[in-house]
Amino acid sequence: MAPPHDKNTTAQELVSDYAKLIKGKVILTTGVSPGSLGAAFLEYIAKAQPALLILAGRDWTKTEKTALPITTANPGVKTRFLKVDLSSLQSVRTAATEVNSWSDVPVIDVLVNSAGIMAVEYGLSVDGFERHLASNHLGHFLLTNLIINKILASMTPRIVNITSSGHRFSPFRFKDYNFDGGRTYHPWRGYGQSKTANVLMALSLADKLGKRGLLAFSVHPGGILTNLANHLDLNQAMANLWEVDRVLGNDQGFDHDIDMKDMKNIERGTATYVYAAFDPDLAAHNGAYTVDSHVADPFTDPVRPWATSSVEAEKLWRLSEQLVGQKFSTEIQKRSWS
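Description of the structure in this document. (Residues numbered from 1 in each chain as written. Predicted model: local features only at pLDDT ≥ 70, side-chain atom pairs only at ≥ 80, totals over all residues. Heavy atoms only, no water.)

**Some details on the packing of aromatic side chains**
And then number 1: Overall, the coordinates contain eight aromatic pairs when judged by the stated rule.
And then number 2: Between Y122 and Y185, the aromatic rings sit 5.0 Å apart at their centres with planes inclined by 65°, giving edge-to-face as the arrangement. Of the two residues, Y122 sits in the loop between strand 4 (110–113) and helix 6 (131–146) while Y185 sits in the loop between strand 5 (158–162) and helix 8 (187–209), which places them 63 residues apart along the sequence.
And then number 3: Look at Y185 and you get buried, because its relative accessible area is 15%.
And then number 4: Here the aromatic rings of F141 and W317 are separated by 4.9 Å at their centres, their planes lie at 75°, and the arrangement is edge-to-face. Residue F141 is located in helix 6, and its partner W317 is located in helix 13 (residues 310–324); the two are separated by 176 residues in the primary sequence. (Phe/Tyr/Trp six-rings, centres within 6.5 Å; stacked < 30°, edge-to-face > 60°. Helix = DSSP H or I, 4+ residues; strand = E, 2+ residues; numbered from the N terminus. Buried < 20%, exposed > 50% of the residue type's maximum accessible area, 1.4 Å probe, protein only.)

Okay, here's the thing in structure tokens:
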């Protein structure tokens, strides 16, 4: 029997295992600039000959730098650019309208919500939302729901939200999601709230649309140095991170070697992307938080109870609808909360 997947499993190993499941698929991925995990994920799965890779991002030039080596190495794989700024609800609506207008792309088999920002200074999006909340959650929430019919048209519809063990820095702050105009803000708490939202959104999607065949998962890729951290002074950033962990009583705040010991390279970091997007056995764990290419164990893996609560997930869904100004209730399973 093959050993179970773990932190040393690589994306290439899983692409080889799931090649028949990847072949012919249409996959839309956000956050695909060169050097990102989203870009690396596409490079690996392209080897298994998906039918179409849709690369969503703000900058065509950067996206082209990701797409060109993919198509050069895999001539049979088609790529398409989708312009979207996830921090702007209007940009997301425009992008969704474009996707829905593509008559030659009737189905999207897998949506990977990978774009994100991390530990940035306080600021508001054009719509007035804290920047992590806008870019990491609300943009993906709106895009996903606006193109959901193309996803549900697939025989094997699947949505993957990229989160982080950094969700440990904050539950969702329902009464103070904008951090009181910055007065209650800390960069890692802002990031943490948005990463908690990514997990809760996957739970909601599984709950609401699982009966229509949709599978939805969240992914903690592990600690990996990518362009997501290019703006940070790493020494100062780690000191700030440890401070938040200590306040919350997290192990990481007291063992300052833990993050460096667990750092992954890109190939191991993108393995859980591939696992969540294509593993057939995950159907039995719809809505799961995944880490190191397996379903997280809440007793041994870095997942907090505030990110696994169906009540919190429903509260966030309703708030997110309110914030984007649109309800997506046609497939909601009615439930009484006690």
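**Here we look at helix 5 (residues 89–101)**
And then number 1: For helix 5, with 13 residues, the first-to-last C-alpha span of 18 Å sits near the 18 Å given by 1.5 Å per residue.
And then number 2: Those residues of helix 5 lying buried are L89, S91, V92, A95, A96 and V99. Burial along helix 5 is one-sided: seen end-on, the buried residues are contained in an arc of 155°. Turned more than 90 degrees off the buried face of helix 5, the exposed positions are Q90, T97 and S101.
And then number 3: Structurally, helix 5 contributes buried residues whose contacts are with strand 1 (26–30), strand 3 (78–83), helix 6, helix 7 (148–152) and helix 13. (Expected span 1.5 Å × (residues − 1). Arc of directions from axis to C-beta. Contact = heavy atoms within 4.5 Å.)

**Remarks on helix 12 (residues 271–278)**
Spacing of three or four residues puts side chains on the same side of an α-helix, whose turn is 3.6 residues.
And then number 1: With respect to burial, helix 12 is a largely interior element, eight of its eight residues being buried.
And then number 2: Turning to helix 12, its buried residues are A271, T272, Y273, V274, Y275, A276, A277 and F278.

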